[in-house]
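# Breakdown of the fold
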Amino acid sequence: MNKKLYLILFSISALFLAALLSRSRDIALLTIPFLVYLGAGAITVPRDVHLNVTRELSILRTVEDVPVTVTLTVENSGGRIPRLQIMEPVFEKMNLVEGNLTPSYTIVSDERIKVVYTFTAARGIYNWQTVKMKASDPFGLFEQTVEMGAPGHVHVFPKQIDLRNFSFRPVPNVRTTGPNPSRLPGSGVDFWGVREYHPGDALRTIYWRKSAQHPGTLITKEFEREEIADVGILLDARSSANDTANGEDLFENSIRAAASLASHFISKGNRVSMLILNDRLVRIFPGYGKHQLLRILEELSCCTPGERVSFDTLKYLPVRLFPNHSLITIISPLLPNDFPFLARLKAEGYQLLVASPERPKPVVKNNAYAVYAQRIAAVERAGLLRQIQRIQVPVVKWDASQPDEMARQFSRFVKVRTR
């Protein structure tokens, strides 16, 4: 029973009661239209409800703000249903672009209808298991709720910025052919030096012009060997570090930076791992290629800040996750007491790169204390970044309130030797 039926019954009861109290036939006759309305609904209510529902998604993996089309196919294998209302769930970060989530239809036996709607969503995992439907008479008085299984899910990945102009080559630590100069002679494309010819050297490496200057001696060219580097991404998901008046935007900037850096380093042929520092430590062990990037993006799509965690949790870094002398990219807004952790990693022989979004500055008017507090916070952060740069750790920072500032700062980044 729903509110409409309650209203009809209440109206009939009230009219009958008023007719009895006033002993008026005219008031009693007013109940006839309501009774006819109620009787018509009771006669036409569907008795045999047998429905089959299937769900189709236009794409299973996408990025933020890209439209996703959902198609529900409802087939009626029972009797005629005068009014069938479909009720699709509404997720918190879902924005309906086209269509209707609660459409109503009249469906006859063996008829098939399609419900199509399009939405965009923020990063996350959107999962459907069932579809709720209400089968009722044409007036919606007598309803029967039916819940049918229609599974489906879509992963919405965070946006990635183009880091094509970001030039940073870590010192390689994996003795396998890759994209990074190793500062050692071997097979490569960049000229390294010359040496005396040894039996077994390829003839194409002989430096004939130099050999002609030294009769009786053959000179061979040497090239700089290029190898693979281990890149570990450490994402700071602490609530204390991402707690601002517009903290969600700050954390979303860190998520996009992590996704963009992972895509960049994997596309260059490096081996990439990830550790997300929140209430549960999310570990993604080193790997290559598109499958590794997919695993990283899936974890980033459902990542949330944690409250009971700090850098002290990482007193001992797992070597399997961050091998010795690998590059650790730390993505964090940074807190004043984070410097000892970075200094310890540097002292242990890791290469470091810090990517730090800056907190948006709130607009303060007619409040001298708030202005002074902002200045103190800015000076404190500048001092922290200067300390980090003094130990030869490069820092990329950007304003989280500017949409294109992240891509601009990474494009302007000048490569610094990490070791």
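To start, this report covers the structure provided alongside it. Predicted, not measured: the structure shown is a model, and the values here were computed from it.

The rules behind these values
- Residues numbered from 1 in each chain as written.
- Predicted model: local features only at pLDDT ≥ 70, side-chain atom pairs only at ≥ 80, totals over all residues.
- Heavy atoms only, no water.
- Helix = DSSP H or I, 4+ residues; strand = E, 2+ residues; numbered from the N terminus.
- Rg over C-alpha atoms; globule rule 2.2 N^0.38 Å.
- Buried < 20%, exposed > 50% of the residue type's maximum accessible area, 1.4 Å probe, protein only.
- Areas by Shrake-Rupley, 256 points an atom, 1.4 Å probe, with all protein chains shown as cover.
- Lys, Arg positive; Asp, Glu negative; His and termini not counted.
- Charge placed at Lys NZ, Arg CZ, Asp CG, Glu CD.
- Salt bridge = Lys/Arg side-chain N within 4 Å of Asp/Glu carboxyl O.
- Phe/Tyr/Trp six-rings, centres within 6.5 Å; stacked < 30°, edge-to-face > 60°.
- Contact = heavy atoms within 4.5 Å.
- Axes fitted to C-alpha atoms, helices over the stretch in contact; angles between N-to-C directions.
- Parallel < 35°, antiparallel > 145°, perpendicular 65-115°, else oblique.
- Left-handed = near helix turned anticlockwise from the far one by under 90°.
- Polar contact = N/O pair within 3.5 Å; in protein donor to acceptor, adjacent residues only side chain to side chain.
- Pairing = 2+ DSSP bridges.
- Arc of directions from axis to C-beta.

### Side note on the overall build of the protein
Helix and strand counts for the protein stand at nine helices and 17 strands. Expected size for 419 residues packed as a compact globule is a radius of gyration near 22 Å; at 33 Å, the protein overshoots this value by more than 25%. In terms of overall dimensions, the protein has a C-alpha envelope of 130 × 65 × 35 Å along the principal axes. When the 419 residues of the protein are sorted by exposure, 43% land in the buried category. Carbon and sulfur atoms form 53% of the exposed surface of the protein, whose accessible area is close to 22,800 Å². Between the mean site of the 52 positive side-chain charges and the mean site of the 40 negative ones, the protein shows a separation of 5 Å.

### Things to note about the pattern of salt bridges
Working definition: two side chains of opposite charge can pair if their charged atoms are close together. Evaluation of the coordinates by the stated rule reveals 14 salt bridges. Notably, a salt bridge pairs Arg280 with Glu299, separated by 4.0 Å at the nearest N-O pair. Of this pair, Arg280 sits in the loop between strand 13 (271–277) and strand 14 (282–287) while Glu299 sits in helix 6 (residues 289–301); the two residues are 19 residues apart in sequence, bridging distant segments of the chain. Classification of Arg280 by relative accessible area gives exposed; the value is 53%. Beyond isolated ion pairs, a larger network of salt bridges with shared partners links Asp236, Arg238 and Asp338.

### Quick look at the packing of aromatic side chains
When we look at a pair of aromatic rings, we describe it by the centre distance and by the angle of the planes. Within this structure, the stated rule accounts for nine aromatic pairs. Ring geometry for Phe166 versus Phe410: centroids 5.3 Å apart, planes at 85 degrees, classification edge-to-face. Placement of the pair is Phe166 in the loop between strand 9 (143–157) and strand 10 (174–196) and Phe410 in helix 9 (residues 405–411), with a sequence separation of 244 residues. Pair check on accessibility: Phe166 and Phe410 agree, each one buried. Arranged with centres 4.4 Å apart and planes meeting at 5 degrees, the rings of Phe311 and Phe341 form a pair that is stacked.

### With respect to the environment of Ser136
Within the fold, Ser136 resides in strand 8 (residues 124–136). Judged by relative accessible area, which is 0%, Ser136 ranks as buried. The sequence separation of Ser136 and Ile81 amounts to 55 residues, and the corresponding C-alpha distance is 7.0 Å. Apart from the residues within four sequence positions on either side, Ser136 is in contact with Pro46, Ile81, Pro82, Arg83, Phe142 and Glu143.

### Focus: the packing of helix 1 (residues 3–22) against helix 3 (residues 31–44)
Angle between the axes and distance between the axes: these two values describe a pair of packed helices. As a packed pair, helix 1 and helix 3 sit with axes 9 Å apart at the nearest point and diverge in direction by 150 degrees. Overall, the two elements helix 1 and helix 3 adopt an arrangement that is roughly antiparallel. Between helix 1 and helix 3 the crossing geometry is left-handed. Only Thr31, Phe34, Leu35, Tyr37 and Leu38 of helix 3 make contact with helix 1, whose side of the interface consists of Lys4, Leu5, Ile8, Leu9, Ser11, Ile12, Leu15 and Phe16.

### Re unusual backbone geometry
Non-glycine residue Arg23 carries a positive phi angle of around 55 degrees. The backbone of Leu334 shows a phi angle near 70 degrees, a positive value even though the residue is not glycine. With a relative accessible area of 4%, Leu334 lands in the buried category.

### A few points about the environment of Asp230
Its location among the elements puts Asp230 in strand 12 (residues 230–236). In this structure Asp230 comes out as buried when scored by relative accessible area, which is 4%. Sequence-wise, Asp230 and Pro170 are 60 residues apart; in three dimensions their C-alpha atoms are separated by 8.5 Å. Polar side-chain contacts of Asp230 include one of 2.5 Å to the side chain of Arg271.

### Focus on the side chain of Ser254
Within the secondary structure, Ser254 is located in helix 5 (residues 247–267). Owing to a relative accessible area of 0%, Ser254 belongs among the buried residues under this scheme. Beyond its immediate stretch of four places on either side in the chain, Ser254 contacts Leu235, Asn242, Ile331, Pro333 and Pro357.

### Remarks on the pairing of strand 7 (residues 112–121)
Extensive coverage of strand 7 is indicated by the burial of seven of its 10 residues. As paired elements, strand 3 (residues 68–76) and strand 7 share eight bridges and run antiparallel to each other. Following the sheet pairing, Val70 is matched in strand 7 by Tyr117. Pairing of strand 5 (residues 94–98) with strand 7 involves four bridges; the strand directions are antiparallel. Within strand 7, the residue paired with Asn95 across the bridge is Thr120.

### Brief notes about the sheet that holds strand 3
Pairing is antiparallel in the open sheet, where four strands are placed in the order 1-3-7-5. Each of the sheet's edge strands pairs with one partner strand only, and the pair in question is strand 1 (51–57) and strand 5. When the angles between neighbouring strand axes are averaged without regard to direction, this sheet yields 30 degrees.

### With respect to the sheet that holds strand 13
Across a sheet, strands are paired by hydrogen bonds formed along the backbone, either parallel or antiparallel in direction. Sheet architecture is open: six strands sit in the order 14-13-12-15-16-17, paired in mixed fashion. Edge positions in the sheet fall to strand 14 and strand 17 (395–399), since each has one partner strand and no second. Shown here is a sheet whose adjacent strand axes are inclined to one another by a mean of 15 degrees, direction ignored. Direction of pairing for strand 12 relative to strand 15 (residues 327–331): parallel, over a ladder of five bridges. Within strand 15, the residue paired with Gly232 across the bridge is Ile328. Together, strand 12, strand 13 and strand 14 form the strand contacts of helix 6, whose direction differs from that of strand 14 by roughly 165 degrees.

### Quick word on helix 7 (residues 339–347)
Along helix 7, the residues that are buried comprise Phe339, Phe341, Leu342 and Leu345. Taken end-on, helix 7 shows its buried residues confined to a sector of 165 degrees, consistent with a single buried face. Exposed residues lying more than 90 degrees from the buried face of helix 7 are Pro340 and Ala347. Tucked into the core, helix 7 has its buried residues touching strand 12, strand 15, strand 16 (351–358) and helix 8 (368–390). Following helix 7 by one or two positions, Gly349 has its phi on the positive side, about 100 degrees.

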